[in-house]
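# Architecture at a glance
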Amino acid sequence: MLPMPMLSVNRLCHPNLVLLLCTVLLSACSANSENSQNAYQLPQFNQALIHSTSAENVPKIASLTYLSEIQRQELAGFTARDNIKALPNRLKVSEFINHKMTNFNYEGKNYTSTESWSNQSGNCMALALLTYSVAKELNVYPVFQVVHAAPILTNITSDILVTSDHVRTFLYDEKPSGHFLSGGIATVIDYFPDRFDRTGEIVSESKFLAMFYRNLAADAMLEKQYEFAFILLEQGLKLAPDYDALINMMAITHRRLGDEQTAEKLYLYALDIKPNSLAVLSNYRLLLELQSRTAEAKKIDQYLLSLESSNPYSYYSLGIEALEFKDYKTTVIFLEKFIDNAPYFHPAYFALARAQLGLGNTKKAQKILKKAIELTDMPDSKKHYLAKLDMLKKVSD
């Protein structure tokens, strides 16, 4: 059995979390890496792989954030209220989103703005799209920042590992200048903040919209609808041709549809853009192994082990991947890297205990399991960990 590919999708919303609305004075942040120019062009996709007529089911770019006339009238009525009309427009947006979330059903659905408004449900990306649409309607300028969140979705299928991130939105009454979060008053909306979240890059509006197509494509791939995923990714790459996550997924899609040559070109192009992408490196390694290019695959293995990622949750994904295929030494390396950055995440300790047990280190596994039990407040998880610990004690006695 070969290592599984990794996909990254936005985190799903939890109904017990609260919307963060705050006003802050922002200082300058690091430049957006997506503005760097790439010397190479995006490889041509193999259109011969597409035989279906499912393109009609792909939402058009303009439809993602479209609001109906009735919805626009509802928004106008809300902003005309006595307690709202005197507020700056950015606060009108935040007040309206807070109002809409009162009875919001946090399903894991990638709804467009119109759909999430009508259905009163959706995931965090749906809420971000809705915020974007309302901001545009009220002439407010949104700025988006990626937030790396704890991996709440893993092992969705037997061969796809899903990690999580989301975006938060900075709302400005006037358009910020330059390529930074320049000084100014902004309102921040985060769906949903966690004290262990790690902030990432600032993304453009086009890349933000491309993230929605990434989510839809991930859904399609989990259902093994690879031709539909191809079309969705193609639409997303029109918005953000240098978005490495989309290129990575397009490479996986080509490989799944039988074109390994184009897949390799896409992997190499993505690595030219982002050489340290753990997801792209891992999936390219899989392609090399499928082609029995063992020496090249081992070089990538060594490089992966040497990398330090700004997103520690990537290490968890790689550790779980290694564990699936009983590469226990590699599992320990990645999971210990992850735990150094995120010592609160009890599933990582359980996985690490399994790896230590696989290496024959029963005492270490017991100690790590005790830590997992200390960290979890979920009854089912605690019961499961206790049962495993009890089993190990009986074996070692």
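Look a little higher up for the structure.
All of these numbers come straight from a predicted model, not from anything done at the bench.

## A look at the overall build of the protein chain
- A tally of helices and strands in the protein chain yields 15 helices and 6 strands.
- Within the span of the protein chain, comprising 397 residues, buried residues form 52% of the whole.
- The contacts in the protein chain between residues at least 6 apart in sequence include a share of 69% that link residues at least 24 apart.
- Counting every atom, the protein chain has about 18,500 Å² of accessible surface; 51% of that belongs to carbon and sulfur.

## Quick look at the pattern of salt bridges
- Here the structure, examined in full by the defined rule, presents 11 salt bridges.
- One salt bridge connects K100 with E74, and the closest N-O pair in it is separated by 3.0 Å. Of this pair, K100 sits in helix α2 (residues 89-100) while E74 sits in helix α1 (residues 69-79), and the two are 26 residues apart along the sequence.
- Residues E201 and K207 are paired through a salt bridge, measuring 2.8 Å at the closest nitrogen-oxygen approach.
- Residue class for E201 comes out partly exposed when judged on its relative accessible area of 25%.
- One network of salt bridges, with partners in common, ties together E69, R72 and E137.

## Topic: unusual backbone geometry
- Positive phi is not limited to glycine here, since K224 has a value of about 60°.
- As for its position among the elements, K224 is in the loop between α5 (205-222) and α6 (226-239).
- Positive phi, normally seen in glycine, also occurs at S292, with a value near 60°.
- Summarising the element assignment, S292 is placed in the loop between α9 (278-290) and α10 (294-306).
- Judged by relative accessible area, which is 60%, S292 ranks as exposed.

## Some points on the nonpolar core
- By size, the foremost hydrophobic cluster in this structure holds 108 residues, and its most contacted members are V93, V134, F208, L232, Y267 and F338.
- The dominant element in this core, judged by the number of residues it contributes, is α5, at 11 residues.
- Counting residues in hydrophobic clusters, the runner-up holds 6 residues, among them V143, F170, Y172 and V188.

## Description of the side chain of T253
- As for its position among the elements, T253 is in helix α7 (residues 244-256).
- Here T253 falls in the buried class, since its relative accessible area comes to 0%.
- Those residues in contact with T253 that lie beyond four places of it in its chain are M221, Y226, A229, F230 and L233.

## Digging into helix α11 (residues 313-324)
- Taking 1.5 Å per residue, 12 residues should reach 16 Å; α11 reaches 17 Å between its end C-alpha atoms and fits that length.
- For α11, a buried count of 11 out of 12 residues is recorded, marking the element as mostly surrounded by other parts of the structure.
- Inspection of α11 places Y313, S314, Y315, Y316, S317, L318, G319, I320, E321, A322 and L323 among the buried residues, and these make up the whole buried set.

## Let's talk about the packing of aromatic side chains
- Counted by the stated rule, this structure contains 13 aromatic pairs.
- Ring geometry for F45 versus F230: centroids 6.1 Å apart, planes at 80°, classification edge-to-face. Within this pair, whereas F45 is found in the loop between β2 (20-26) and α1, its partner F230 is found in helix α6, the two being separated by 185 residues in sequence. Each member of the pair F45 and F230 is classed as buried.
- Centroid distance F96 to W117: 5.2 Å. Interplanar angle 50°. Geometry classified as tilted. Residue F96 is found in helix α2, and its partner W117 is found in helix α3 (residues 113-119); the two are separated by 21 residues along the sequence. One exposure class covers both F96 and W117, and it is buried.

## Points about the packing of α5 against α7
- Interaxial distance between α5 and α7 falls to 10 Å at its minimum, and their mutual angle equals 25°. When the axes of α5 and α7 are compared, the pair comes out roughly parallel. The two elements α5 and α7 cross, and the hand of that crossing is left-handed. Contacts between α5 and α7 involve A210, R214, A217, A218 and M221 from the first element and A245, L246, M249, I252 and T253 from the second.
- Of the residues assigned to the contact of α5 with α7, the class counts are 8 nonpolar, 1 polar and 1 charged.

## A short note on α5
- Helix length check: α5, at 18 residues, gives a terminal C-alpha distance of 26 Å against a target of 26 Å (1.5 Å per residue), a fit within 8%.
- With 14 of 18 residues buried, α5 is to be regarded as a mostly interior element.
- K224 lies just past α5 and shows a positive phi near 60°.

## What to know about the packing of α2 against helix α4 (residues 124-137)
- Following both chains from N to C, one finds α2 and α4 inclined at 140°, their axes separated by 10 Å at the closest point. The pairing of α2 with α4 is recorded here as oblique in orientation. For the crossing formed where α2 meets α4, the hand is right-handed. Here α2 contributes V93, F96 and I97 to the contact with α4, which in turn contributes L130, T131, V134 and A135.
- When grouped by side-chain class, the residues that make up the contact of α2 with α4 number 6 nonpolar, 1 polar and no charged.

Definitions and cut-offs
- Residues numbered from 1 in each chain as written.
- Predicted model: local features only at pLDDT ≥ 70, side-chain atom pairs only at ≥ 80, totals over all residues.
- Heavy atoms only, no water.
- Helix = DSSP H or I, 4+ residues; strand = E, 2+ residues; numbered from the N terminus.
- Buried < 20%, exposed > 50% of the residue type's maximum accessible area, 1.4 Å probe, protein only.
- Contact = heavy atoms within 4.5 Å.
- Areas by Shrake-Rupley, 256 points an atom, 1.4 Å probe, with all protein chains shown as cover.
- Salt bridge = Lys/Arg side-chain N within 4 Å of Asp/Glu carboxyl O.
- Core = buried A, V, L, I, M, F, W, Y, C linked by side-chain atoms within 4.5 Å.
- Expected span 1.5 Å × (residues − 1).
- Phe/Tyr/Trp six-rings, centres within 6.5 Å; stacked < 30°, edge-to-face > 60°.
- Axes fitted to C-alpha atoms, helices over the stretch in contact; angles between N-to-C directions.
- Parallel < 35°, antiparallel > 145°, perpendicular 65-115°, else oblique.
- Left-handed = near helix turned anticlockwise from the far one by under 90°.
- Nonpolar A, V, L, I, M, F, W, Y, C, P; charged D, E, K, R; others polar.

Geometric values such as these leave the question of function open.
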